[in-house]
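For reference, the chains in residue letters:
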Amino acid sequence: MLDVAGKLRFYLLEDNQVITEHKSQNPVVKVFPNRKGTKCICIDNTGGGYLFNPVDSSMLFIPDFSASTTSVLWDLEDPNIFVTVDKEKM
């Protein structure tokens, strides 16, 4: 979940508590989680794309990522494969 300050917060609904929180240098403005919520693609306010892993709070920069990405499709078999949809390149 993305809060007002651009932080990423992952909640455990059963216990109604935050289990991890991440705030990067530049606020996150878009989030595209995988189906299980174990990874997500984030776009920050500078247009940079990152792969976020909530298990270890790592943010991996994705080179040449389009800031105009409107959707991310995750491979169901391999959690490290995804496809992006860019509204400007269609």
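The structure presented is a predicted model; accordingly, all values stated were derived computationally and were not measured.

1. Here's the deal with the pattern of salt bridges
Logical step 1: Following the criterion strictly, the structure yields one salt bridge and no others.
Logical step 2: Across the salt bridge formed by Glu-21 and Arg-9, the nearest N and O atoms sit 2.5 Å from each other. One end of the pair, Glu-21, is in strand 2 (residues 17-22); the other, Arg-9, is in strand 1 (residues 8-12), with 12 residues separating them in the sequence.
Logical step 3: The exposure class of Glu-21 is partly exposed, given its relative accessible area of 41%.

2. Observations concerning the sheet that holds strand 4 (residues 40-44)
Logical step 1: Strand order across the open sheet formed by four strands is 3-4-5-6, with antiparallel pairing between neighbours. The outermost strands of the open sheet, each flanked by one partner alone, are strand 3 (28-33) and strand 6 (58-62). Direction aside, the axes of adjacent strands within the sheet are offset by 30° on average.

3. A look at the nonpolar core
Logical step 1: The biggest cluster of nonpolar side chains holds eight residues, and these are Phe-32, Ile-41, Ile-43, Leu-51, Ile-62, Phe-65, Val-72 and Trp-74.
Logical step 2: If you list the elements that add at least two residues to this core, you get strand 4 and strand 7 (69-74).
Logical step 3: The residues touching Trp-74, leaving out its near neighbours within four places in the chain, are Phe-32, Pro-33, Asn-34, Lys-39, Cys-40, Ile-41, Leu-51, Pro-79, Ile-81 and Phe-82.
Logical step 4: By size, the runner-up hydrophobic cluster in this structure holds six residues, among which are Leu-8, Val-28, Cys-40 and Cys-42.

4. Topic: the environment of Asp-64
Logical step 1: Relative to the elements of secondary structure, Asp-64 occurs in the loop between strand 6 and strand 7.
Logical step 2: Along the backbone, Asp-64 and Ile-41 are 23 residues apart, and their C-alpha atoms lie at a distance of 14 Å.

5. Observations concerning the pairing of strand 4
Each regular strand carries side chains that alternate between the two faces of the sheet.
Logical step 1: The buried count for strand 4 comes to five of five residues, which makes it a mostly enclosed element.
Logical step 2: Burial along strand 4 is two-sided: the face carrying Cys-40, Cys-42 and Asp-44 and the face carrying Ile-41 and Ile-43 are both buried.
Logical step 3: For strand 3 and strand 4, the ladder comprises five bridges, and the chain directions are antiparallel. Following the sheet pairing, Val-28 is matched in strand 4 by Asp-44.

6. Here's the deal with the side chain of Thr-20
Logical step 1: With respect to the element layout, Thr-20 can be found in strand 2.
Logical step 2: With near-sequence residues (within four places) excluded, Thr-20 lies in contact with Leu-8, Arg-9, Phe-10, Pro-54 and Ser-57.

Each value, and the rule that gives it
Residues numbered from 1 in each chain as written. Predicted model: local features only at pLDDT ≥ 70, side-chain atom pairs only at ≥ 80, totals over all residues. Heavy atoms only, no water. Salt bridge = Lys/Arg side-chain N within 4 Å of Asp/Glu carboxyl O. Helix = DSSP H or I, 4+ residues; strand = E, 2+ residues; numbered from the N terminus. Buried < 20%, exposed > 50% of the residue type's maximum accessible area, 1.4 Å probe, protein only. Pairing = 2+ DSSP bridges. Axes fitted to C-alpha atoms, helices over the stretch in contact; angles between N-to-C directions. Core = buried A, V, L, I, M, F, W, Y, C linked by side-chain atoms within 4.5 Å. Contact = heavy atoms within 4.5 Å.

As far as function goes, none of this settles anything; it's purely spatial.
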